[in-house]
Structure formats: C-alpha cells, structure tokens
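One letter stands for each residue in the lines below.
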Amino acid sequence: MKKKIKNIKKYFSLLDEFKIYNFFKLYKLHKFFNLKINIISKNSLKFFYESHFLHSLSISKIFYFFNKSIILDVGTGGGFPGIPLAIMFNKTKFILIDSIKKKIKLINFIINKLHLKNVYIQCTRIENFNKKCNFIIGRAVTKFTNFIKLVKKNILKNNKNKIDNGIIYLKGGNFKKKYFYIKYNISNIFKEKYFFNKYIIFIPIFFKKK
C-alpha cells in the first residue's frame, strides 16, 4: 500500500511529500481501527488506494476549491471523500457530518492525528443541520434524488469559486434525469479498472427539474 500511495504522484505530480505522508498515515489508522470497529468494509480496505484515496481525490481533478470556501461532507462514514480532500485543500474549510457516533469519534481521532486544522465534525443528520456551505459532497449516502432534496437547503447562494456553488456527488451507474446536471466519467481521469462506470455528478445551485 505504501508503494501505491507513493505512486499517487502519477496522477498528482505536484503533490508534496507531507501530503503523501498524511495519505499513508490515514490508511494506517484505518487499517488499525478497522480490526476493532469495522468502519469500512474489509474489501474496501483491501482496495483502499482505489476506492478511498483516488475515488475521493477524483473531485480535485475537476474542481478547485478556493481557500475561503466551505465544503460539507454529508454521511462521511470513515471520512470519505472529506478527509482526503481536506488534505489536498488544506486551506479550505471542510465540515464532516454523520449520524453514527462511533464513526464521528474515529474521525475526530484521525483528524487530530493528522493535525488537520481545516476539518470540523458534527454528529448529526443532514435534516437537522442548517449551516450553509459552498459545496455539498457525498457518496453512497442515499438515493441521489433524495440526497438532492435533503441538502439543497444548505447551499450558499454567493459564490467564492470560479464555478457555481452546488452538489458534488460520487456515483456509480445512472440515475433518472430529473435535474440539470453535469457528469464526469472518472475512468477518463484514472485508468484503474475500479473506476469503470463511476462518475462525478455536479448539480449547480440554480438547478431545475427537467
């Protein structure tokens, strides 16, 4: 795994050694705690490089978050995609929420071990979370159309980035074209077989039903 994480420079040539070290440390922490808590599946731990690091960081290949942006990771689980993105954009504020206390407790430990000063966590459901942010990110939280309904109240209207604020969702397969969206094929970014039929879906704030 250490070799794989070092090979991340194949896709991110300007990544500094400190960030690579933090990616490896993140893997080691998950490997240690997963034996006790089972935060992520054993299979996804086996393919950690692809299913967690690269999958999360695929967003950074399409979107660049300015320093004063606020990113909300809904249903973050083991801290994905929020923590890898927070390592990558270490001047951008990330808020990670999940309704399961043991996951939030682990994430709190991890962000302290990684000395991430730009990550904030809260144990709550999105229905009860009212803070507004520039972007809402997530993956495998709920049905995508349901996710949109739950989070659209949390999107700021004022942009700080070159693109409109909105929803960024990691998704496999297709979904009903109910809203205006832009789809990015991750297999065009990373060549690993894992990314076949996996996409980044972007829905800007001014989305409308079709």
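Residues numbered from 1 in each chain as written. Predicted model: local features only at pLDDT ≥ 70, side-chain atom pairs only at ≥ 80, totals over all residues. Heavy atoms only, no water.

A. Structural context of the overall build of the chain. Counting secondary structure elements, the chain contains 7 helices and 7 strands. Across its three principal directions, the C-alpha atoms of the chain cover 45 × 35 × 30 Å. Taking all 210 residues of the chain together, the buried fraction comes to 53%. For the chain, the accessible area works out to roughly 11,000 Å², and carbon and sulfur atoms hold 54% of it. For the chain, the separation between the mean place of its 45 positive charges and that of its 8 negative charges on side chains is 4 Å. (Helix = DSSP H or I, 4+ residues; strand = E, 2+ residues; numbered from the N terminus. Buried < 20%, exposed > 50% of the residue type's maximum accessible area, 1.4 Å probe, protein only. Areas by Shrake-Rupley, 256 points an atom, 1.4 Å probe, with all protein chains shown as cover. Lys, Arg positive; Asp, Glu negative; His and termini not counted. Charge placed at Lys NZ, Arg CZ, Asp CG, Glu CD.)

B. Looking closely at the packing of aromatic side chains. If you walk through the whole model with that rule in mind, you get 20 aromatic pairs. Look at Tyr64 and Phe66: their rings are 5.9 Å apart centre to centre, the planes differ by 65°, and that puts the pair in the edge-to-face class. Among the residues examined, Tyr64 registers a relative accessible area of 55% and is labelled exposed. Pairing Phe65 with Phe89 gives two aromatic rings, centres 5.1 Å apart and planes at 65°, and the pair type is edge-to-face. Note that Phe65 is positioned in the loop between helix 4 (48-62) and strand 1 (70-74) and Phe89 in the loop between helix 5 (82-88) and strand 2 (93-98), a separation of 24 residues in sequence. You can call Phe65 buried: its relative accessible area is 1%. According to the relative accessible area criterion, Phe89 is buried, its value standing at 8%. In this structure an aromatic cluster arises from ring pairing among Phe23, Phe24, Tyr27, Phe48, Phe53 and Phe80. Note that Lys61 overlies the ring of Phe12, its terminal NZ or CZ placed 4.6 Å from the centroid. When the ring centre of Tyr120 is taken as origin, the NZ or CZ atom of Lys93, which lies over that ring, is 5.0 Å away. (Phe/Tyr/Trp six-rings, centres within 6.5 Å; stacked < 30°, edge-to-face > 60°. Lys NZ or Arg CZ within 6 Å of the ring centre and 35° of its normal.)

C. Quick look at the sheet that holds strand 5 (residues 166-172). If you walk across this open sheet you meet the 7 strands as 3-2-1-4-5-7-6, and the pairing is mixed. Each of the sheet's edge strands pairs with one partner strand only, and the pair in question is strand 3 (119-123) and strand 6 (182-185). Adjacent strand axes in the sheet meet at a mean angle of 20°, parallel and antiparallel pairs treated alike. Across 5 bridges, the pairing between strand 4 (residues 135-139) and strand 5 is parallel. Of the residues in strand 5, the one forming a bridge with Ile136 is Ile167. Packing against the sheet, helix 4 makes contact with strand 4, strand 5, strand 6 and strand 7 (198-204), and its axis sits at approximately 140° to strand 5. The sheet strands contacting helix 6 (residues 101-113) are strand 2 and strand 3, and the helix crosses strand 3 at an angle near 160°. (Pairing = 2+ DSSP bridges. Axes fitted to C-alpha atoms, helices over the stretch in contact; angles between N-to-C directions. Contact = heavy atoms within 4.5 Å.)

From the geometry alone we can't say anything about function, so treat these as descriptive.
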